[in-house]
Amino acid sequence: MARVIRIVALIAGLLLLAAPIEAAEVGSVDDVARELMCQCGCTMIVYNCDCGTADQMRGLIREKLDGGQTKQQILDYFVGQYGETVLAAPTKEGFNITAWIMPFVGLVVGIGVVYFVMTRWLLASSRPQEMAVVSDEEELSEYEDRFLRELRQYEGRS
Amino acid sequence: MTDIGYAALLIAFIVSIFTVISFTWGRIKGYGDLLAAARNGVYAVAALTTLAAIALWYAFLTRDFQVKYVAEYSDRKEPLAYTISSFWAGQEGSLLLWVWMIALFAVIVLYQNRDKHRELMPFVQVVLMSTAAFFLMILTLLSNPFARLPFAPQDGNGLNPLLQNPGMFFHPPTTYLGYVGFAVPFAFAMAALITGKLGDDWIRSTRRWTLFAWFFLSMGNLFGAQWAYVELGWGGFWAWDPVENASFMPWLTGTAYLHSVMIQQRRGMLKVWNFILIIGTFLLTIFGTFLTRSGILSSVHSFGQSNLGPFFLAFIGIVLVFSVGLLLDRLPHLKSDNELDSFLSRESSFLFNNLILVGATFATIWGTVFPLISEAVRGVKITVSQPFFNQVNGPIFLVLVLIMGICPLIGWRKASKENLLRNFLWPVIGAVAFAVVAYASGIRDLYALLAFTLCSFVVAVILIEVFRGTRARHRIYSENYLTAVGKLIWHNKPRYGGYIIHLGVIMIAIGIIGSFALKTEVDQTVAPGEMINVGQFSLKYNGLTQYPTANYDVVAANLEVYSGGKKVGSIAPSKNFQSATDEQPTTEVAIRTTLLEDLYVILAGWDRDMSASFKVMINPLVVWIWIGGSVLLLGTLIAFWPDEKDRRRLDARYGRGEA
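(A) View of the overall build of chain B. Each helix and strand counted, chain B has 21 helices and 10 strands in total. Once local pairs closer than 6 in sequence are excluded, the contacts in chain B between residues at least 24 apart make up 73%. Accessible area for chain B stands at about 25700 Å²; split by element, carbon and sulfur atoms hold 64% of it. Looking at chain B, you have 50 positive and 42 negative side-chain charges, and the mean spots of the two groups are 12 Å apart.

Printed below as a string of C-alpha cells:
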C-alpha cells in the first residue's frame, strides 16, 4: 500500500510539473502569442513566426490587451475567427482532455505493468539459492579489489 | 547517363526480388549454389544503386536540366557543395539515398558475417533486400529521380534558399544513416525469429550497428536542430513539428533498446521486450519516412509531399503483421531467465529507464496523431504543437535525467543500503551545492533550477565514478592521474564510452533547458544611432547597407555590441533577396556565441527613413547543445572501438567465434 501511495505521489508530482516551461510574463503579447498558430501556413506558433500574418496577429493581440481583454477572451476571439485549429495546444476540456491525460495514463499503466512484472520476478527468485551479491565478478564496485586481482593474474602470467 | 541511372534502378529492383526469393528458397532447400547466387545478388544491388547515385550526381554536376529533379532542385549559379547536396533536397533523391544506404549496409553485413551466422544470414538478407525492393519499387514505378521533362529548360528552379546551409548538407544523410542503420538489428531480430535461433547471438552481432544507427540518428536530429536555429530565424531549434517528432520517436525507442539489450546480455532477461523494441524502432523509422512524404500532417518539411502515403502505410502494415505475428508464434520459445533479486537493482532501474523512454515515445506519438484522432472523433480540426509537447514531455524528460543519474549508482542484482549510501552521498551533496550556487547566482525559474540540479547530479555521478577508478589506478599502478584516466577508459571502452555519451546528452539537456527557460527577448524599432538594451548587452544600430553577392542581394543592418559599457564586437543580421522582386526574402540571423549565451539578432524589417525593427534574444547555453554533439561523437567512438576485455567476457558467455 505504501508503494501505491508513493507511485500516486510521483504521478501527482509529474502532473504538477506539467506547467509551461517557457518563461513569459503572464498577460503579455508573447504569452498569448505562444498559444496561437500563425495562419500563413508556416506551421509555427505566432510567437515564433516573423511573417506578415503573424505580425498582424500580434498587433491584434496587443490591441485587445490594451483594450483590457483577458488572455482567455483573446484566445476565444481567435477561435471564433479561425476555429480551434488556431490554438497551438488542445484545450483542457471535453474530448480534448484525453490529449493531455493519455500520456500520463500510459505512464501509470506502464508503471503498473513494470511493478507487476517485477513482483513476479522477485517471487521467482525468492526460491532458496545462493546470493550472488558479492560473487558477481563483473560488477564489483570496489575497484581496488579488481585491480589487485588483475595485478595478481598479470604477475602470475609473466 | 540518366538512362543508365534508371536502368540501374530497374535492374536493381528485379535483382533484389530475385535475391529475396533465392535466399529464402536456397535456405529452405539447402541449395548452396542458390545461396551463393543470392549473395552475388546483394553485391549487384549495391553496385547498381551506387551506379544510379553516381548518375544522379552526374546529372546535377553537368546541369542536365532536362532531368525534372535536377531542374527542380538546382540552378546554374548554385555552388558545388549545394549542387552535391541537392541530391537529397527532394523526395526522389531522398528515397534513392535510402535505398543506396540499405544496399551498402547489406553488403557490409554480408562481408562481416562471411564466415559465421550461416543460418541467420540468409534471412537477415531477405529482410534487408525486401526493404530495398520496396524502396526500389517506389523509385522505379512512382517516384523516378531520372524522369525527364519534354524540353530542356535554360536554368533550373534552384535549391530552396532555406536549404542552402551546411546543416542541411549533413542533416538528411545523417538522419537516413540512422533510420537505415536500425534496419540491420531489425533484420537480425527477424532472422532470429524466423530460424528459431533465439539466443542472444542476434543482439551481440548487432551491438555496433545499433550504436551506429543511434549515433547517426542523434546527429541527424542535432544537425536538423542546428539548421533550424541558424536558418529559420525564430530563435529556437526544435518546434515539435510532426516530422521532427518522426525522427525523435525512433531515437527514443532506439535508446531504450540500446539499454535493455544490456540486461539481456547480462542477465538473460527481457528477451521478448527487446524484440518488441527493435520492431517498434524499425517501424517508427518507416513511419518517419512516411510522415515526411505523405503530407497527412502539415509540417515545415513540406519540401517533399506526395502521394506515396498509401504505399508506405501498406508497407508498415505488412511489416507490423509479419513481425508481430512471428513474435507471437515464437513466444513459447522465448522463455527468459526472469528473476529479480531486488527492487533496488540495476535491472529495475533499467526497466524504469525503458518505461520512461517508451512513455515519452507514446506521448509524442499521441500528440503527433491527435489532430487526426480529433478530426475522426469530433470532426474538428485542432493543432497540437509546442505548448503541448513542452508541457507533457518536459516532466517526463526530467525523470529520465534523474534515472540517468541513479542508474549507474545501483549495482546489478541487489544493492545494499551501505552501498547506496556510499554511492549517493557525494553526488547528492554535489547537486545540492550546485543548486545553492545556481540560486545564489540569480536563477529563480523553478523549472530551470530543478532541471539544472538534476543535470549536475548526473554529472557528479559520472565524474565521481571516473575519479574513483582513476584514484584506484593511481594508487595501485602508481600511474599519474592523466595516464590513469586514459587507461581506465581504454580498458573498459563500452562502459566509459557510455558515460561519455551520457555527459554529451547532459550537455545537450543543459543547452535545451537554458534556452527554453532562461531566454530573454526584446522587440524594438530604432533609428540609426539609437540603442537596444537587452540583458547585459546594449546594441547600437548604425544603419543599413545593401550589397550584391553571387547568389543574392543582401540588405544588412550594422550593430555594435556593448557589454558592461565596453564594445565587444559588431553584428550584422540581414535579409537576402533572391531577385529584385522577391517578396519572401530569407532572414539571415546574426549570432554572437559564447559559452554562456548566444546573442541572437533578427532583422525584422525597415523603413525608408532607415529605421529598422529588430528581434533580439539572449539564448543562454545554446552552444552546449552543439558541444554535447561532439562529446556524443567522442563517446560513441570509444564505445565503438573493439574492446578486448568485453570480447572475452562475451566469449565466456556465448562461446567463441559467434560474433
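(B) Layout of the overall build of chain A. The number of helices and strands found in chain A is six helices and zero strands. Secondary structure elements in chain A, listed N-terminal to C-terminal, are α-α-α-α-α-α. Sequence separation of at least 24 residues holds for 40% of the intrachain contacts in chain A that already meet a minimum separation of 6. If you sum the accessible surface of chain A, you get close to 9200 Å²; carbon and sulfur atoms cover 59% of it.

(C) Representation of the packing of aromatic side chains. Applying the stated criterion across every chain yields a total of 49 aromatic pairs over all chains. Following the ring pairs from residue to residue traces out a cluster consisting of A:Trp100, B:Trp214, B:Trp238, B:Trp240, B:Phe248, B:Trp251, B:Phe388, B:Phe389 and B:Phe397. Stacked on the ring of A:Tyr47, the Lys or Arg A:Arg34 has its end atom at 4.0 Å from the ring centre. The ring of A:Trp100 carries A:Lys92 above its face, with NZ or CZ at 4.4 Å from the centroid.

(D) Representation of the state of the cysteines. Overall, the coordinates contain zero disulfides over all chains when judged by the stated rule. B:Cys407 carries a free sulfur, and the closest cysteine sulfur to it, the one in B:Cys455, is 16 Å from it.

(E) Structural context of the domain arrangement of chain B. What the domain assignment reports for chain B is domain 1 (1-159) and domain 2 (520-620). Centre-to-centre separation of domain 1 of chain B and domain 2 of chain B, based on C-alpha positions: 45 Å.

(F) The pattern of salt bridges, seen in detail. Within the structure shown, the criterion is met by 14 salt bridges over all chains. A network of salt bridges, in which partner residues are shared, links A:Asp31, A:Glu35 and A:Lys71.

(G) Molecular detail of the sheet that holds strand 9 (residues 597-606) of chain B. All names here are of chain B. Reading across the sheet, the four strands line up as 1-10-9-8 and stay open at both edges, with antiparallel pairing between neighbours. Two strands in the sheet have a free side with no partner beyond their single neighbour: strand 1 (520-526) and strand 8 (590-593). Along the sheet, successive strands turn relative to each other by an average axial angle of 15 degrees, direction set aside.

(H) Structural context of helix 16 (residues 417-440) of chain B. All names here are of chain B. End to end, helix 16 covers 33 Å across 24 residues, agreeing with the expected 34 Å (1.5 Å per residue, within 8%). At phenylalanine 424, helix 16 shows its maximal bend, which comes to roughly 35 degrees, and the proline proline 427 appears one to four places after that position. Listed as buried for helix 16 are Leu420, Asn423, Phe424, Pro427, Ala431, Ala435 and Ala438. The inward-facing, buried residues of helix 16 abut helix 15 (386-406) and helix 17 (446-477).

(I) The arrangement of helix 1 (residues 2-29) of chain B in detail. Under the 1.5 Å per step criterion, the end-to-end length of helix 1 of chain B is 40 Å for 28 residues, consistent within 8% with the ideal 40 Å. At the exit of helix 1 of chain B stands B:Gly30, carrying a positive phi of roughly 75 degrees.

(J) Expanded view of the environment of B:Asn245. If you trace the backbone, B:Asn245 turns up in helix 11 (residues 242-267). Not counting chain neighbours up to four residues away, the residues in contact with B:Asn245 comprise B:Trp238, B:Trp240, B:Thr364, B:Thr368 and B:Phe389.

(K) Looking closely at the pairing of strand 9 of chain B. Residue and element names in this part refer to chain B. Counting buried positions along strand 9 gives eight out of 10 residues, so the element sits mostly inside the fold. Pairing of strand 8 with strand 9, which is carried by four bridges, proceeds in the antiparallel orientation. Bridge pairing in strand 9 places arginine 592 opposite leucine 599. A loop of three residues connects strand 8 with strand 9, the two strands running antiparallel in sequence. Direction of pairing for strand 9 relative to strand 10 (residues 612-620): antiparallel, over a ladder of nine bridges. From the neighbouring strand, leucine 599 faces strand 10, where its bridge partner is isoleucine 618. The loop that links strand 9 with its antiparallel partner strand 10 comprises five residues; one of these, methionine 610, has a positive phi angle of about 75 degrees.

(L) Looking closely at the confidence of the model for chain A. Residues and elements named next belong to chain A. Scored by pLDDT, chain A comes out at a mean of 75, with 63% of its residues at no less than 70. The least confident element of chain A is helix 1 (residues 2-17), whose mean pLDDT is 56; the most confident is helix 4 (residues 71-82), at 92. Across residues 129-141, where pLDDT falls below 50, the model places 20 contacts with residues more than four positions away in sequence or in other chains.

(M) Structural detail: the packing of helix 6 (residues 121-142) of chain B against helix 8 (residues 183-195) of chain B. Residues and elements named next belong to chain B. Where helix 6 meets helix 8, the axes come as close as 8 Å, and the angle between the chain directions of the two elements is 130 degrees. Between helix 6 and helix 8, the crossing angle belongs to the class labelled oblique. Judged by the twist between their axes, the crossing of helix 6 over helix 8 is right-handed. Residues Met121, Phe123, Val124, Val127 and Leu128 of helix 6 form the contact with helix 8, whose own contacting residues are Ala183, Val184, Phe186, Ala187, Phe188, Met190, Ala191, Ile194 and Thr195. Across the contact of helix 6 with helix 8, the residue classes tally to 13 nonpolar, one polar and no charged.

Rules behind the numbers
Residues numbered from 1 in each chain as written. Chains lettered and ligands numbered in written order. Predicted model: local features only at pLDDT ≥ 70, side-chain atom pairs only at ≥ 80, totals over all residues. Heavy atoms only, no water. Helix = DSSP H or I, 4+ residues; strand = E, 2+ residues; numbered from the N terminus. Contact = heavy atoms within 4.5 Å. Areas by Shrake-Rupley, 256 points an atom, 1.4 Å probe, with all protein chains shown as cover. Lys, Arg positive; Asp, Glu negative; His and termini not counted. Charge placed at Lys NZ, Arg CZ, Asp CG, Glu CD. Phe/Tyr/Trp six-rings, centres within 6.5 Å; stacked < 30°, edge-to-face > 60°. Lys NZ or Arg CZ within 6 Å of the ring centre and 35° of its normal. Disulfide = S-S within 2.5 Å. Domains from an automatic or database assignment. Salt bridge = Lys/Arg side-chain N within 4 Å of Asp/Glu carboxyl O. Pairing = 2+ DSSP bridges. Axes fitted to C-alpha atoms, helices over the stretch in contact; angles between N-to-C directions. Expected span 1.5 Å × (residues − 1). Bend = angle between axes of the 7 residues up to and from the residue. Buried < 20%, exposed > 50% of the residue type's maximum accessible area, 1.4 Å probe, protein only. pLDDT = per-residue confidence, 0-100. Parallel < 35°, antiparallel > 145°, perpendicular 65-115°, else oblique. Left-handed = near helix turned anticlockwise from the far one by under 90°. Nonpolar A, V, L, I, M, F, W, Y, C, P; charged D, E, K, R; others polar.

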